[in-house]
Amino acid sequence: MTENFTGSKISIVIPCYNEEGNVELLYKKIKESLPGYAIEFIFVDDNSNDNTLNILEVLSVKDQNVKFLSFSRNFGHQSALRAGLEYSSGDCVISMDGDLQHPPELLQSMIEKWKEGYDIVYTVRKDIENVSGFKKFTASVFYNLINNLSDIEIKQGAADFRLLDKKIVRVLVDDITEYHLFFRGLISWIGYKQTFIEYIPHKRHSGTTKYSLSKMINFAIEGITSFSIRPLKLAILMGVTISFLSAIYGLYAVGMALFTDETLQGWASVLVSILFIGGINMILIGIVGEYIGKLYIQSKKRPYFLIKKTNV
Ligand code: UDP
Ligand code: MG
């Protein structure tokens, strides 16, 4: 089957949180990278407190194809991505960061892959020399944890820079109703015909990273608990192991008392084991709580985002 791609419309979704120094240049670079294409820009302003929204409004007056959505508060990167998908109308949708770390020069080859018949073209960060050592370390811990603790497999370095065919966009928007969004995982879970392209990230053009350590830790917990209940099983395993070991130690202590003249003593070991078990208990309650919390939030069916201003 050969499809006709002439006249196809490409939507580009760009979440922006305080990216005033980047959006205009990014817009220009995307236009340069895709000459002759009908492009729909969807900038999602995640309630920036700098000049981002003003710049977007000006841009949208100059160019009819620039759409912007501005959130009523900071709803986070993943919600911004979802909003962009919801409001997109292209035959395929490409999501990319607003800081020029995702090279616009790659767009052309992503579209080529789509034309070859792939439904999802994701990208994998290759040489990360433009990324700080700390970011590399946390990213590697993140991917290892997620791949070992959850039921999905995400390629080391997979980014939120990807092309989706419009039918995938429909699936993500209409059929995925989970409140806690983790697109990298969903993309792995969803299947269809996928391929990937490797890329070397640029340095962030302007501004600083919007992912603090606490945001990253939260993101990792989201990712794991959204795709697996393996941590709950680990909790059972840990409980069984500790009970077993303490039973053996108990038998040993009773044996010593019955069959020898010595009795085991030492308040230090008692204290340490009480604290140890207490700590383990709290961690396990925390893990269970994480899942219950997810159920609680999901049951409220709150919207993913609220829009305070848009031109769509
Ligand atoms: N972002 C967002 N809301 C947030 C945090 C980030 O929309 O609460 C956007 C940000 O503007 C950027 C993208 O998500 O376009 C990725 O963020 P960033 O570049 O700070 O992350 P890093 O590249 O450091 O992982
Ligand atoms: Mg970045």
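Quick look at the structure, then. As the structure is a prediction and not an experimental result, all values here were calculated from the model.

## Things to note about the overall build of the protein chain
Scanning the protein chain for helices and strands turns up ten helices and eight strands. In terms of overall dimensions, the protein chain has a C-alpha envelope of 90 × 45 × 40 Å along the principal axes. The burial tally for the protein chain puts 44% of its 312 residues in the buried class. For the protein chain, the accessible area works out to roughly 16700 Å², and carbon and sulfur atoms hold 60% of it. Positive and negative side-chain charges of the protein chain, numbering 33 and 33 respectively, have mean locations separated by a distance of 3 Å.

## A short note on the site of ligand 1
In the vicinity of ligand 1 there are 18 residues, among which Glu19, Asp46, Asp99, Thr209 and Lys210 approach most closely. Within the side chain of Gln101, one N or O atom sits 2.8 Å away from an oxygen atom of ligand 1. The fraction of the free accessible surface of ligand 1 (540 Å²) that becomes covered by protein chains is 93%. When grouped by side-chain class, the residues that make up the shell around ligand 1 number four nonpolar, six polar and eight charged.

## Thoughts on unusual backbone geometry
Here Asn47, not a glycine, exhibits a phi torsion of approximately 55 degrees, which is positive. Within the secondary structure, Asn47 sits in the loop between strand S2 (38–45) and helix H2 (52–62). The phi torsion at Lys301 lies on the positive side, around 55 degrees, for a residue other than glycine. Structurally, the position occupied by Lys301 is in the loop between helix H10 (267–300) and strand S8 (307–310). Relative accessible area serves as the criterion here: at 73%, Lys301 is assigned to the exposed category.

## Observations concerning the environment of Asn18
With respect to the secondary-structure elements, Asn18 resides in the loop between strand S1 (9–16) and helix H1 (23–33). Residue class for Asn18 comes out buried when judged on its relative accessible area of 18%. In contact with Asn18, other than residues within four places in its own chain, are Ser48, Asn49, Asp50, Thr52 and Lys210. Here the side chain of Asn18 touches Asn49 through a polar contact of 2.7 Å, landing on its backbone nitrogen.

## Notes on the environment of Leu251
You can see Leu251 is positioned in helix H9 (residues 230–259). On a C-alpha basis, the gap between Leu251 and Gly278 in space is 22 Å, while along the polypeptide they are 27 residues apart.

## Here's the deal with the packing of aromatic side chains
Under the counting rule described, the total for this entry stands at 13 aromatic pairs. Ring centres of Phe142 and Phe182 lie 6.1 Å apart, and the angle between their planes is 80 degrees; this geometry places the pair in the edge-to-face category. Taken together, the residues span a long stretch of sequence, with Phe142 in helix H5 (residues 133–149) and Phe182 in the loop between helix H6 (166–175) and helix H7 (183–190) at a distance of 40 residues. For the pair formed by Phe142 and Phe182, the shared burial category is buried. With a centroid separation of 5.8 Å and an interplanar angle of 10 degrees, the aromatic rings of Tyr179 and Tyr304 are classed as stacked. Of the two residues, Tyr179 is situated in the loop between H6 and H7 and Tyr304 in the loop between H10 and S8; the sequence distance between them amounts to 125 residues. Note on Tyr179: relative accessible area 22%, which makes it partly exposed. By way of ring pairs, the aromatic residues Phe142, Tyr143, Phe182, Phe219 and Phe227 are connected into one cluster. Stacked on the ring of Tyr118, the Lys or Arg Lys193 has its end atom at 4.6 Å from the ring centre.

## Observations concerning the pattern of salt bridges
Scanning the model with the defined rule gives 13 salt bridges in all. Its salt-bridge partner being Arg204, residue Asp99 comes within 3.3 Å of it at the nearest N-O pair. On the criterion of sequence distance, the pair formed by Asp99 in the loop between strand S4 (92–95) and helix H4 (107–116) and Arg204 in the loop between strand S7 (194–199) and helix H8 (213–227) is long-range, its members being 105 residues apart. Assigned by exposure class, Asp99 and Arg204 land together as buried. The partner of Lys167 in a salt bridge is Asp119, and the shortest N-O contact between them spans 2.9 Å. Taken together, the residues span a long stretch of sequence, with Lys167 in helix H6 and Asp119 in the loop between H4 and strand S5 (120–125) at a distance of 48 residues. The exposure class assigned to Asp119 is buried, which follows from its relative accessible area of 10%. Within this structure, Glu19, Asp99 and Arg204 form a network of salt bridges that share partners.

Thresholds applied
Residues numbered from 1 in each chain as written. Chains lettered and ligands numbered in written order. Predicted model: local features only at pLDDT ≥ 70, side-chain atom pairs only at ≥ 80, totals over all residues. Heavy atoms only, no water. Helix = DSSP H or I, 4+ residues; strand = E, 2+ residues; numbered from the N terminus. Buried < 20%, exposed > 50% of the residue type's maximum accessible area, 1.4 Å probe, protein only. Areas by Shrake-Rupley, 256 points an atom, 1.4 Å probe, with all protein chains shown as cover. Lys, Arg positive; Asp, Glu negative; His and termini not counted. Charge placed at Lys NZ, Arg CZ, Asp CG, Glu CD. Near = heavy atom within 4 Å. Polar contact = N/O pair within 3.5 Å; in protein donor to acceptor, adjacent residues only side chain to side chain. Nonpolar A, V, L, I, M, F, W, Y, C, P; charged D, E, K, R; others polar. Contact = heavy atoms within 4.5 Å. Phe/Tyr/Trp six-rings, centres within 6.5 Å; stacked < 30°, edge-to-face > 60°. Lys NZ or Arg CZ within 6 Å of the ring centre and 35° of its normal. Salt bridge = Lys/Arg side-chain N within 4 Å of Asp/Glu carboxyl O.

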